[in-house]
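Chain by chain, the residues:
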Amino acid sequence: MSAIFALLFLITSCNKQSTQKTGLSESVLFTSEISEDATPAVVSRILSAGEKAISEIKFEKGTYHFYPDKGKESFEYISNHCDLMVSTPFPIEHFKNLTIDGQGSTFIFHGVMIPFLIENSENIEVKNVTIDWHEPFHSEGLIVANNNKNKTFDMTISEVFPYEIRNGQIHFIKEYYEHSVGQTILYDPERSAIAFNTEAYTSISTRTKASVRNGIENIEYNYINDERAPEYKSLGNENRLTVEQLKPGLVRVHGHKKEMPPVGMILTMKGDQGFNRISPAFRVTHTKGFNGTNVNIHHAGGMGIIAENSSDLILDNFNITPSKGRMVSTTADATHFVGCSGKVVLKNSTFNNQLDDATNVHGTYQKSVDVLGDNKIGVRMMHHQQKGFVVGQPDEKIGLVRLEDSFFPYAEVTINNIEYVNSRYQIITFNENLPENFKVGDLIENLDGYPDLLVKNCKIGSNRARGLLISNPVNTVIEDNFFNTEMEAILIPVESGHWFESGNAANVIIRNNVFQDCQHGGKNRGVIRFATDDDNENIAFKNIEISNNTFNQFDNLILQVTNTDGLKFSGNTITNSGTFPMLHAENPAIKVDASKNIHFENNSYKGKANSILELAEGMPKIEFN
């Protein structure tokens, strides 16, 4: 029996209004008979929804494989990912009121795919499913020897990670994909977590300055040039690292300039930045209402979920954890929300072993490059992973920002129309005339593209980078969570100079959380940190409450505050865990700079810092209690 005819259709009457072409919707059941490659059957049925509408898709419990060869193909610009042609078995576009229920099934993907591509839809739920890849988008090597004098280290590479060496460069070969060493970090296999003080050893030094350059300085660019974009990343660089095989499965690495990684650690490698984010598990865009319930993601070649320009997204028991003895779950953020509004909820979830943040919530800054009329400007997408991003919809509010003057908009206008000329250049017409003081170089942000954010009862740890990275000027509540992160547990930034991720922060509550040995990767930063890219004293963050949390830290620095107006730190308990040796014993527990209305009340300090509170020069006196 062919895969498509293995479908069982359970016809049910449905009164739901839908963008599908008929008011009568089916509940569709896929059986395990399609398990060897479920892609063609699933794609075929979804693409026929215009004739036979679907209210529910169920899977008989089992393990289903999905290959890209017969998936629905489309070119996708995806925020904070690579832009490329992708294949999906679930092209959920212009659907309304659809539930996809795995009923406890496991979906195994092969190669470059986006399992769930959800666009321009409403009220979509995916539940009771586990997502994994047959072969991961990263590779791992066990450090078995090192030589600091000769600047070499040896590692064994399992047959799980096939490789070949070309001209001294190692390439890891997957189904439909390969990658170089590229971005790296050390894991401790005993803890199944990022190695203590990994910053001393990684990233592995793969590049050095090119030894021969002739005439390059004479090349001029008429417009802004993004030197970080993939097409320019090799300029001025050549390979520093060389790899030789000592015997099959054992290689020696030459040329690393940091300390040699310790024996017993596992080096994880995912290829070059700009080329290694190609297969998020979920891409949700321009969708109103998405629920991910009882979902386990063991791996993805990018983020667990990237949501853009969507509203009312709820992840409940939505877990990112590795499988098959791997050190790594997703190769980028567990979850990421760009320009989203309404409510964003993360609850009862675990985000472990991903190679970036547990979540990142922000908008985008676009730079004005032309004034084309009294109410018309040309803007440029500044970061190469913002290409194709939709700034806003008609009548949404746009803030005009000049960061040297303020982190908050100096004026607001509303969108009339946007003309998308190309992936990086857009022409925006506003309903109102631009203010007289508007000038080329000012930034714009969508003030309607921020959510009410709740992160509750989540476990976050064993990962590279931060726990939560929040740039949200609306409302944020972070409560009852556990953090054990390599960098900051919570970073609240204004990122205007590299990623161009917009948003300051206001109305933030951080309460009843446990912070255990965060910042163990080696960076000299606080567990909770407020930061801006711009070197000025303008206020960026307002109305912050940090209360009734437990900080059980091996090192001193707990809190870094800057550019803040109104922060209350109360009822918190700070102790020294003794888990690791201190890396920055000279630090106080708290640093405050360029801030006002900062209050400390009823806190308990049992740490080891010689000074609890350090104030920058010019700050008024503040007492810690």
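Residues numbered from 1 in each chain as written. Predicted model: local features only at pLDDT ≥ 70, side-chain atom pairs only at ≥ 80, totals over all residues. Heavy atoms only, no water.

Enquirer: Help me out: how do you make sense of the overall build of the chain in this one?
Expert: Of the regular secondary structure elements, the chain holds one helix and 54 strands. Since a compact globule built from 625 residues should have a radius of gyration of about 25 Å, the 25 Å found for the chain is in line with a globular shape. Along the longest, intermediate and shortest principal axes, the C-alpha atoms of the chain span 75 × 70 × 60 Å. Every one of the 625 residues in the chain was classed for burial, and the buried ones make up 57%. Taking all contacts inside the chain whose residues are at least 6 apart in sequence as the whole, residues at least 24 apart take part in 73%. (Helix = DSSP H or I, 4+ residues; strand = E, 2+ residues; numbered from the N terminus. Rg over C-alpha atoms; globule rule 2.2 N^0.38 Å. Buried < 20%, exposed > 50% of the residue type's maximum accessible area, 1.4 Å probe, protein only. Contact = heavy atoms within 4.5 Å.)

Enquirer: Honestly, the pairing of strand E2 (residues 25-30) in this entry has me stumped. Any pointers?
Expert: Consecutive residues of a regular strand have side chains that alternate between opposite faces of the sheet. With six of six residues buried, E2 is to be regarded as a mostly interior element. As judged from the six bridges shared by E2 and strand E3 (residues 53-59), these two strands associate in the parallel manner. Counted as the bridge partner of phenylalanine 30 is phenylalanine 59 from E3. Each parallel crossover has a hand, and the one from E2 via helix H1 (residues 39-47) to E3 is right-handed. (Pairing = 2+ DSSP bridges. Right-handed = clockwise from strand over helix to strand, strands pointing away.)

Enquirer: How should I be thinking about empty space enclosed by the protein in this particular structure?
Expert: To locate leftover empty space, one rolls a probe as large as a water molecule over the atoms. On inspection of all chains with the given rule, the structure shows five cavities of 30 Å³ or more. Here the largest cavity defines a volume of roughly 70 Å³. Lining the largest cavity we find Cys518, Gln519, Lys523, Asn524, Arg525, Val527, Gln553, Asp555, Leu557, His584 and Asn587. Grouping the constituent residues of the lining of the largest cavity by class yields three nonpolar, five polar and three charged. A volume near 60 Å³ is recorded for the second largest cavity. Together, Asn309, Gly339, Gly363, Thr364, Phe389, Val390, Val391, Asn446, Gly449, Tyr450 and Ser502 line the second largest cavity. For the lining of the second largest cavity, the residue count by class is four nonpolar, seven polar and no charged. (1 Å grid on protein atoms, 1.4 Å probe; cavity = no way out; pocket = protein on both sides within 12 Å on 5 of 7 lines; lining within 4 Å. Points joined across faces, edges and corners; volume = space filled by probe spheres on them. Nonpolar A, V, L, I, M, F, W, Y, C, P; charged D, E, K, R; others polar.)

Enquirer: Looking at this structure, I do not really get the sheet that holds strand E32 (residues 376-381). What am I missing?
Expert: Strand pairing in a sheet relies on backbone hydrogen bonds. The paired strands run either parallel or antiparallel. Ordered in space as E31-E32-E35-E34-E33-E36, the six strands form a closed barrel in which the pairing is antiparallel. Between one strand and the next, the sheet's axes are offset by a mean angle of 50 degrees, whatever the strand orientation. With four bridges connecting them, strand E33 (residues 397-401) and strand E36 (residues 443-446) associate as antiparallel partners. Bridging across to E36, leucine 400 finds its partner in isoleucine 444. (Axes fitted to C-alpha atoms, helices over the stretch in contact; angles between N-to-C directions.)

Enquirer: Hey, could you run me through the pattern of salt bridges in this one?
Expert: If the charged atoms of two oppositely charged side chains come close together, the side chains can form a pair. What the rule picks out here adds up to 25 salt bridges. A salt bridge links aspartate 154 to arginine 252, with the nearest nitrogen and oxygen atoms 2.7 Å apart. Placement of the pair is aspartate 154 in strand E12 (residues 152-156) and arginine 252 in strand E21 (residues 250-254), with a sequence separation of 98 residues. Here arginine 166 and glutamate 164 are joined by a salt bridge, their closest N and O atoms 2.6 Å apart. Given a relative accessible area of 30%, arginine 166 falls into the partly exposed group. Several salt bridges share partner residues, and in doing so they unite Glu76, Glu119, Arg283 and Glu308 into one network. (Salt bridge = Lys/Arg side-chain N within 4 Å of Asp/Glu carboxyl O.)

Enquirer: Would you mind showing me how to read a nonpolar patch on the surface here?
Expert: Among the surface-exposed residues, Ile216, Ile219, Tyr221 and Leu235 lie close enough to one another that they form a single nonpolar patch of about 370 Å² accessible area. Tracing the chain through its elements places tyrosine 221 in the loop between strand E18 (207-209) and strand E19 (237-239). (Patch = residues over 30% accessible without salt bridge, like charges linked within 9 Å, V, L, I, M, F, W, Y side chains within 5 Å. Areas by Shrake-Rupley, 256 points an atom, 1.4 Å probe, with all protein chains shown as cover.)

Enquirer: Would you mind going over the sheet that holds strand E23 (residues 282-285) with me for this structure?
Expert: Across the sheet, which stays open at both edges, the 12 strands sit in the order E7-E9-E23-E25-E27-E30-E39-E42-E45-E48-E51-E54 with parallel pairing between neighbours. Whereas interior strands pair on both sides, the edge strands pair on one side only; in this sheet they are strand E7 (90-93) and strand E54 (613-615). Each strand of the sheet is rotated relative to its neighbour by a mean of 10 degrees, with strand direction disregarded. Of the strand pairs in this sheet, strand E9 (residues 116-119) and E23 are connected by four bridges, and their pairing is parallel. Bridge pairing in E23 links glutamate 119 to threonine 285.

Enquirer: I'm lost on the side chain of serine 329 in this one. Help?
Expert: By the secondary structure assignment, serine 329 is in the loop between strand E26 (311-320) and strand E27 (335-338). On the basis of relative accessible area, serine 329 is assigned to the buried category, the value being 0%. With near-sequence residues (within four places) excluded, serine 329 lies in contact with His298, His299, Ala300, Ile320, Thr321, Pro322, Asn352, Asn353 and Gln354.

Enquirer: How should I be thinking about the side chain of aspartate 333 in this particular structure?
Expert: Summarising the element assignment, aspartate 333 is placed in the loop between E26 and E27. At 2.6 Å, the side chain of aspartate 333 and the side chain of histidine 336 are in polar contact. When sequence neighbours within four positions are dropped, the list of residues in contact with aspartate 333 reads Gly302, Met303, Gly304, Gln354, Asp356, Asp357 and Asn360. (Polar contact = N/O pair within 3.5 Å; in protein donor to acceptor, adjacent residues only side chain to side chain.)

Enquirer: Sorry if this is basic, but what is going on with the pairing of strand E48 (residues 559-562) here?
Expert: In E48, alternate side chains face the same way, and those of Leu559 and Val561 on one face and Gln560 and Thr562 on the other are all buried. The sheet contact formed by strand E45 (residues 528-532) and E48 spans two bridges and is parallel. Bridge pairing in E48 places arginine 529 opposite glutamine 560.

This is a description of form; function is not addressed.
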